Amino acid sequence: MEKVRPQWGHQRQFVLACISYAVGLGNVWRFPYLCQLYGGGSFLVPYLIMLFVEGMPLLYMELAVGQRMRQGSIGAWRTISPYLSGVGIASVVVSFFGTIYYNVINAWSFWYLFHSFQDPLPWSVCPLNGNHTGYEEECEKASSTQYFWYRKTLNISPSIQETGGLQWEPALCLILAWLMVYLCILRGTESTGKVVYFTALLPYCVLIIYLIRGLTLHGATNGLMYMFTPKIEQLANPKTWVNAATQIFFSLGLGFGSLIAFASYNEPSSNCQKHAITVSLINSSTSIFASIVTFSIYGFKATFNYESCLNKVILLLTNSFDLEDGSVTASNLEQVKDYLASTDPSRYSEVFPLIKNCSLESELDTAVQGTGLAFIVYTEAIKNMEVSQLWSVLYFFMLLVLGIGSMLGNTAAILTPLTDSKLITSHLPKEAISGLLCLISCAVGLVFTMEAGNYWFDIFNEYAATLSLLLIVLVETIALCYVYGLRRFENELQAMTGRALNWYWKAMWACVSPLLIIGLLLFYLSDYILTGTLQYQAWDATQGQLVTKDYPAYALAVIGLLVASSTMCIPLVALGIFIMHRYKRGDTAPVA
Amino acid sequence: MLWLLFFLVTVIHAELCQPDAENAFKVRLSIRRALGDKAYVWDTNEESLFRAMVAFSMRKVPNRETTEISHVLLCNVTQRVSFWFVVTDPSKNHTLPAVEVQSAIRMNRNRINNVFFLNDQTLEFLEIPSTIAPPMDPPVPIWIIIFGVIFCIVIVAITLLVLSGIRQRRRKNKGSSEVDDAEEKCENTITIENGIPCDPLDLKGGHINDVFVTEDERLTPL
């Protein structure tokens, strides 16, 4: 007896759910960084090529599998081949790691959002030191935004070994973030389907507002020109292509099982080809759109810093040589410097070491990604805008909505296989299962709110999903094409949707995409092996900047465990089922 | 004779007020940076206003109520605008200790700034650190208030959803248990094909359709 499977209220909800899941923080804080690093406008070439060759086919494949099998990742891959249920289990394990660490970002977004309602913004001023004669030393050495992030938000310890205690403020924010996620997934697709209207559409509203504001900022054009001037020579760099492929891969969220889960709630006849193309195109164009916004903000910040630097130099010269106030400006600075060097060489040579060489290029060159971009660079730009509280609230609200949208996908990847299993649903209602998942993830996630929590966060961010996902998707593609049979799947798809499978998809699934993924895997493995020991960036409070340190042995062990626990599922489960089958076959006597 | 006295006085004055002299302070003004187009020119009138403000600050110090404007000496005025000043005692022979001058200026810093339309950064007394006003610290941090509000809203929403879910399930269970009582335990499923719900199979009892007669009864038994 089949229980009716919950469905999306409307096709639109499914598309919006996929968009909300795929368009996440990576579009905002990773793509602009890659664009800047690998040649600006010319990075779009490998990016778009990889989109058509790798992103769209693999996305279509996952959606088609989910829609055909109408089960979560474990059930779907078990249907394809019982030996491959390990693939589904690996997806669930990776999704579990993902949910644990990803929601910490939402906690930080909450923290910044709540602090945006103050005047002045707390990260725009340094706190005073003990006797009120100056500012805190750490804040002076670093900047006020860095101080607020590293000291007030994270209260970071100098190294990963010094774990420190639990910080109650981020812990509270994490609990709130999990309650928010629970509220959204409580009723399954019924509630998720309504929430995704909000989580998918609101970031676009905020991005448009920011685009208008960003383009009108002073110095925005500097950033935009810097970003979009193509550096063609970067196309010859293999890293450019590898990073383009990786970015497309992870940006679409392939391999987690979320897409399979979402598609499993679809009507069998829905046109998943159209949806796949739509979602991947929207995802990539959002990345490009977000990078326009980011670069106009970069340009503003760089110009602001450049002009402050110039003003400091002007002040220094004016004070040392007692020149008339206002006589030295940015335009005649060089002439004044030459004049002073010639007329008063002794005093000039004293002052010369203190004069910083202000360069707009070097300000724009500071490429930042990840939490550093979102919480340090952006806040620095925001604090210099007028009505900074409004911009700050908008921005962090957008980050929050993007993060929760992705969390919905992550949790769906875990909950769908759990609710598919009759064993669990017979004992617990689905609200209790979701609640239990949120509770466990929250409890484990409290690790990231300790003083060394951000270092563990970086470990999870870098290593929990990268290699495992590549392997999972590779096995998925090979399983679908060669174990299940591409022709068989093609016939089933045609029977289901009524449309024939285009030769392009067949070619991509059968040869190009697996080869690409193998190439990526080889590249990453060789990269890890060649670098030798793994290192991380630790915050040094005495110097006010990041320093590179080596991971201790137990951290390396955790990294190894993270990668192994998901990738080993595939062979181990296959082996286990093989042994079970042999055991069963050996038991039953052959019928004469 | 008078000429000699005048010479002596200026020499003593010159000695008292010199750059890096004992108890002398350097002042630096950035009028154009602060006021832009509305900047005023620094002339001797402004200088005497400055001397008056310093004298005013010193008069507020106990034991120094007799400080006059003439006791404040300015020297080395540059184009920057910057100059040095000292405050002498009534005898005009030696300067007042730096500590007293420093504390007097610190206490009246705001008034001096306001007179010249400047602030701590544009009217600098080098070596007199300004007391930075601490940022306003509300008794309850604002973020906790907002956190509390959102937290309560979310908890209420979750409770409502969970309760309504429980109520729905109880209603469904009651509905299905009424039908269950009439039959044996088998689930009532509604299969939906092409969007049209089919009637569940009537398992209570079969109805024989007389149109379809079995083969056996048609043929005559052998």
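The rules behind the values
- Residues numbered from 1 in each chain as written.
- Chains lettered and ligands numbered in written order.
- Predicted model: local features only at pLDDT ≥ 70, side-chain atom pairs only at ≥ 80, totals over all residues.
- Heavy atoms only, no water.
- UniProt positions renumbered as here; feature names shortened; annotations may be inferred.
- Helix = DSSP H or I, 4+ residues; strand = E, 2+ residues; numbered from the N terminus.
- Contact = heavy atoms within 4.5 Å.
- Polar contact = N/O pair within 3.5 Å; in protein donor to acceptor, adjacent residues only side chain to side chain.
- Disulfide = S-S within 2.5 Å.
- Expected span 1.5 Å × (residues − 1).
- Axes fitted to C-alpha atoms, helices over the stretch in contact; angles between N-to-C directions.
- Parallel < 35°, antiparallel > 145°, perpendicular 65-115°, else oblique.
- Left-handed = near helix turned anticlockwise from the far one by under 90°.
- Pairing = 2+ DSSP bridges.
- Patch = residues over 30% accessible without salt bridge, like charges linked within 9 Å, V, L, I, M, F, W, Y side chains within 5 Å.
- Areas by Shrake-Rupley, 256 points an atom, 1.4 Å probe, with all protein chains shown as cover.
- Salt bridge = Lys/Arg side-chain N within 4 Å of Asp/Glu carboxyl O.
- Domains from an automatic or database assignment.
- 1 Å grid on protein atoms, 1.4 Å probe; cavity = no way out; pocket = protein on both sides within 12 Å on 5 of 7 lines; lining within 4 Å.
- Points joined across faces, edges and corners; volume = space filled by probe spheres on them.
- Nonpolar A, V, L, I, M, F, W, Y, C, P; charged D, E, K, R; others polar.
- Buried area = accessible area lost by both parts, 1.4 Å probe.
- Core = buried A, V, L, I, M, F, W, Y, C linked by side-chain atoms within 4.5 Å.
- Buried < 20%, exposed > 50% of the residue type's maximum accessible area, 1.4 Å probe, protein only.

### Section: the UniProt feature "transmembrane region" (unreviewed entry) in chain B
- Residues annotated in UniProt with the feature "transmembrane region" (unreviewed entry) correspond here to residues 140-163 of chain B.
- Here residues 140-163 of chain B is 92% helix and 0% strand, with 34 Å between the C-alpha atoms at its ends.

### Details of the UniProt feature "binding site: Na(+)" (unreviewed entry) in chain A
Residues and elements named next belong to chain A.
- Mapped onto the present numbering, the UniProt feature "binding site: Na(+)" (unreviewed entry) falls at Ala22, Val23, Asn27, Ser251, Asn283, Leu402 and Ser406. Taken together, the annotated residues stretch across 385 residues yet fold into one region, lying no more than 12.7 Å apart by C-alpha.
- Within the secondary structure layout, asparagine 283 lies in helix 14 (residues 272-321).
- Leaving out residues up to four positions away in the same chain, asparagine 283 has contacts with Ala22, Val23, Asn27, Ser251 and Leu252.
- Mapped onto the secondary structure, serine 406 falls in helix 19 (residues 388-420).
- From its side chain, serine 406 meets the backbone oxygen of tyrosine 21 in a polar contact 3.4 Å long.

### As for the environment of A:Val181
Residues and elements named next belong to chain A.
- Inspection of the secondary structure assignment puts valine 181 in helix 9 (residues 168-185).
- Valine 181 sits 223 residues away from isoleucine 404 along the chain, and the two C-alpha atoms are 6.7 Å apart.
- Beyond its immediate chain neighbours, meaning those up to four positions away, valine 181 contacts Asn103, Met407 and Thr411.

### Side note on the state of the cysteines
Residues and elements named next belong to chain A.
- A full pass over the atoms with the stated rule returns two disulfides over all chains.
- Disulfide pairing is shown between cysteine 126 and cysteine 139; the S-S distance is 1.9 Å. On the sign convention where negative means left-handed, the S-S torsion of about -85° between cysteine 126 and cysteine 139 marks this disulfide as left-handed. Placement of the pair is cysteine 126 in the loop between helix 6 (85-115) and helix 7 (137-141) and cysteine 139 in helix 7, with a sequence separation of 13 residues.
- A disulfide bridge connects cysteine 309 with cysteine 358, and the sulfur atoms are separated by 1.9 Å. Residues cysteine 309 and cysteine 358 share a disulfide whose torsion about the S-S bond is about -80°; that sign makes it left-handed. With cysteine 309 in helix 14 and cysteine 358 in the loop between helix 16 (345-351) and helix 17 (360-365), this residue pair connects regions lying 49 residues apart in the sequence.
- Each bonded cysteine of chain A is numbered by sequence order, and under that numbering the disulfide pairs are 1-2, 3-4.

### Remarks on helix 14 of chain A
- Compared with an ideal rise of 1.5 Å per residue, which puts 50 residues at 74 Å, helix 14 of chain A spans 72 Å between its outermost C-alpha atoms and is within 8% of the ideal.
- At the exit of helix 14 of chain A stands A:Asp322, carrying a positive phi of roughly 50°.

### Observations regarding the packing of helix 5 (residues 73-80) of chain A against helix 6 of chain A
All names here are of chain A.
- Between helix 5 and helix 6, the least distance of the axes is 7 Å, while the angle of their chain directions is 165°. Classed by the angle they form, the pair helix 5 and helix 6 counts as roughly antiparallel. The handedness of the crossing between helix 5 and helix 6 is right-handed. Contacts between helix 5 and helix 6 involve Ser73, Ile74, Trp77 and Arg78 on the former and, on the latter, Ser85, Val87, Gly88, Ile89, Ser91 and Val92.

### Looking at the sheet that holds strand 1 (residues 25-29) of chain B
Residue and element names in this part refer to chain B.
- If you walk across this open sheet you meet the four strands as 2-3-1-4, and the pairing is antiparallel. Taken across any chain shown, the strands that pair with only one partner, and hence form the sheet edges, are strand 2 (72-75) and strand 4 (123-125). When the angles between neighbouring strand axes are averaged without regard to direction, this sheet yields 25°.
- Two strands pair when backbone bridges link them, and strand 1 and strand 4 are joined in this way by three bridges, in the antiparallel orientation. Among the inter-strand pairings, valine 27 is bridged to a residue of strand 4, identified as phenylalanine 125.

### Considerations on a nonpolar patch on the surface
- Side chains of A:Leu428, A:Leu436, A:Ile440 and A:Val444 sit close together on the surface and give an oily, nonpolar patch of about 310 Å² of accessible area.
- Inspection of the secondary structure puts A:Leu436 in helix 21 (residues 430-445).

### Examining the domain arrangement of chain B
- What the domain assignment reports for chain B is domain 1 (12-125) and domain 2 (137-168).
- A separation of 58 Å is found between the C-alpha centroids of domain 1 of chain B and domain 2 of chain B.

### Comments concerning empty space enclosed by the protein
All names here are of chain A.
- Per the counting criterion, the structure on display carries two cavities of 30 Å³ or more.
- What lines the largest cavity is Tyr60, Asn271, Cys272, Gln273, Leu493, Thr497, Arg499, Ala500 and Leu501.
- Put simply, the parts of the chain that give the lining of the largest cavity at least two residues each are helix 14 and helix 23 (466-497).
- Here the residues of the lining of the largest cavity sort into five nonpolar, three polar and one charged.
- Computed from the structure, the second largest cavity encloses a volume of approximately 30 Å³.
- Lining of the second largest cavity is provided by Trp108, Thr153, Leu154, Pro170, Phe448, Thr449, Met450, Gly453 and Asn454.
- Residues belonging to the lining of the second largest cavity are distributed by class as follows: five nonpolar, four polar and no charged.

### Things to note about the interface of chain A and chain B
- Counting residues at the interface gives 35 residues for chain A and 34 residues for chain B.
- Overall, the association of chain A and chain B removes approximately 3300 Å² of surface from exposure, summing both partners, and the carbon and sulfur fraction of that is 67%.
- Here chain A is connected to chain B by one salt bridge.
- In this structure, B:Arg169 and A:Glu431 form a salt bridge, with 2.6 Å as the shortest nitrogen-oxygen distance.
- Listed by contribution, the elements that provide at least two residues to the side of chain A that touches chain B are helix 6, helix 9 and helix 14 of chain A.
- No other element matches helix 9 of chain A, which puts 10 residues into the side of chain A that touches chain B.
- Here the side of chain A that touches chain B is composed, by residue class, of 20 nonpolar, eight polar and seven charged.

### Thoughts on the nonpolar core
- Judged by nonpolar contacts, the single largest core of 188 residues is most densely connected at A:Tyr210 and A:Trp509.
- Of the residues forming this core, the biggest block, 17 residues, is contributed by helix 6 of chain A.
- When near neighbours in sequence (up to four residues on either side) are disregarded, A:Tyr210 contacts A:Val293, A:Ile297, A:Ile382, A:Met385, A:Trp391, A:Ser392, A:Leu394 and A:Tyr395.
- Counting 27 residues, the second largest nonpolar core, distinct from the first, contains B:Phe25, B:Val27, B:Ile31 and B:Met53.

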